[in-house]
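As a plain string of letters, each chain reads:
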Amino acid sequence: MAEEQSYYEDKISKDILTKEIDLVDRDPKKINEDVVKLDFEDIIAEPYGTHSFDGVWKASYTTFTITKYWCYRLLSGLIGIPLSIIWGVLFALISFCHIWAVVPCVKSYLIEIQCVSRTFSLCIRTFCDPLYEAIGKVFSTIKITLQKQG
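Residues numbered from 1 in each chain as written. Predicted model: local features only at pLDDT ≥ 70, side-chain atom pairs only at ≥ 80, totals over all residues. Heavy atoms only, no water.

Trainee: Help me understand the layout of surface pockets, please; the structure alone is not making it clear to me.
Mentor: The gaps left among the atoms become clear once a water-sized probe is rolled over them. There is about 1100 Å³ of room inside the largest pocket. As for the largest pocket, its lining consists of 24 residues, and the residues nearest its centre are Asp-25, Arg-26, Asp-27, Asn-32 and Tyr-72. Across the lining of the largest pocket, the residue classes tally to nine nonpolar, three polar and 12 charged. Estimated volume of the second largest pocket: approximately 180 Å³. If you trace the second largest pocket, you find it lined by Ser-76, Gly-80, Ile-81, Leu-83, Ser-84 and Trp-87. For the lining of the second largest pocket, a count of residues per class yields three nonpolar, three polar and no charged. (1 Å grid on protein atoms, 1.4 Å probe; cavity = no way out; pocket = protein on both sides within 12 Å on 5 of 7 lines; lining within 4 Å. Points joined across faces, edges and corners; volume = space filled by probe spheres on them. Nonpolar A, V, L, I, M, F, W, Y, C, P; charged D, E, K, R; others polar.)

Trainee: It is not clear to me how the pattern of salt bridges should be interpreted in this structure. Could you clarify?
Mentor: Side chains that carry opposite charge are capable of pairing whenever their charged atoms lie near each other. Inspection of every chain in the model, using the stated rule, returns two salt bridges. A salt bridge links Lys-30 to Asp-25, with the nearest nitrogen and oxygen atoms 3.7 Å apart. Classification of Asp-25 as partly exposed rests on a relative accessible area of 30%. Across the salt bridge formed by Asp-39 and Lys-68, the nearest N and O atoms sit 3.8 Å from each other. (Salt bridge = Lys/Arg side-chain N within 4 Å of Asp/Glu carboxyl O. Buried < 20%, exposed > 50% of the residue type's maximum accessible area, 1.4 Å probe, protein only.)

Trainee: What is the right way to read the packing of aromatic side chains from this model?
Mentor: Any aromatic ring pair is given by two values, namely how distant the centres are and how the planes are angled relative to each other. Per the counting criterion, the structure on display carries six aromatic pairs. The interplanar angle of 65 degrees and the centroid separation of 5.0 Å between the aromatic rings of Phe-40 and Trp-57 together place this pair among those described as edge-to-face. Of this pair, Phe-40 sits in helix α2 (residues 40–43) while Trp-57 sits in helix α3 (residues 54–140); the two residues are 17 residues apart in sequence, bridging distant segments of the chain. Residue classification places Phe-40 among the buried residues on the basis of a relative accessible area of 2%. Owing to a relative accessible area of 29%, Trp-57 belongs among the partly exposed residues under this scheme. When the ring of Phe-40 is compared with that of Tyr-61, the centres are 5.4 Å apart and the planes differ by 90 degrees; the resulting orientation is edge-to-face. Highlighted residues: Phe-40 in helix α2 and Tyr-61 in helix α3, separated in sequence by 21 residues. (Phe/Tyr/Trp six-rings, centres within 6.5 Å; stacked < 30°, edge-to-face > 60°. Helix = DSSP H or I, 4+ residues; strand = E, 2+ residues; numbered from the N terminus.)

Trainee: Can you help me understand α3 in this one?
Mentor: Every α-helix carries 3.6 residues per turn, so stepping three or four residues along brings you back to the same face. Helix length check: α3, at 87 residues, gives a terminal C-alpha distance of 92 Å against a target of 129 Å (1.5 Å per residue), a shortfall beyond 12%. Roughly 45 degrees is the biggest bend found in α3, and it falls at Gly-80, with proline Pro-82 one to four residues downstream. (Expected span 1.5 Å × (residues − 1). Bend = angle between axes of the 7 residues up to and from the residue.)

Trainee: Please explain the confidence of the model for the protein chain as it appears in this structure.
Mentor: As a general rule, the predicted coordinates of low-pLDDT regions are not to be interpreted in detail. Overall, the predicted model of the protein chain reaches an average pLDDT of 86, with 87% of residues at or above 70. The least confident element of the protein chain is helix α1 (residues 2–17), whose mean pLDDT is 63; the most confident is α3, at 93. (pLDDT = per-residue confidence, 0-100.)

Trainee: Help me understand a nonpolar patch on the surface, please; the structure alone is not making it clear to me.
Mentor: On the surface, Leu-75, Leu-78, Ile-79, Leu-83, Ile-86, Trp-87, Leu-90, Phe-91 and Ile-94 cluster together into a nonpolar patch covering about 910 Å² of accessible area. Among the secondary structure elements, Ile-79 is positioned in helix α3. Classification of Ile-79 as partly exposed rests on a relative accessible area of 42%. (Patch = residues over 30% accessible without salt bridge, like charges linked within 9 Å, V, L, I, M, F, W, Y side chains within 5 Å. Areas by Shrake-Rupley, 256 points an atom, 1.4 Å probe, with all protein chains shown as cover.)

Trainee: Mind showing me how you'd approach unusual backbone geometry here?
Mentor: Trans is the prevailing form of peptide bonds, just as negative phi is the prevailing case for residues other than glycine. Positive phi, close to 55 degrees, is recorded for Lys-30, a residue that is not glycine. Assignment of secondary structure puts Lys-30 in the loop between α1 and α2.

This is the structure:
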């Protein structure tokens, strides 16, 4: 049994570390679907009746597209890896805190509050229930009659 569990743990850790990444669809969960999907036509547009020379329009399109492409590549190459390290450390810290601090504290609180809840419930049933039953019986003898005066 222990060997089987060790086998599965090794397999899971190898799967996580050697997982193939998709180099074509780099946003499979579509988290940046509407954020950074900007093209030349989304930024620069010439309305009907106000057109520049065709050569200027084509050169502008090419310049914009290539500049955006290479600036993104350079920035992601220079800053992407350090940010990946920072994000990896941050999410590791969040996971660590959640696993080793938050969940145990919440579980401990729930265990302790259960004891308080039972004690509070017992006090309510012992002291308040008879009082409210007595008040209910007093007011149950009140009768209201309506008469029309005419």
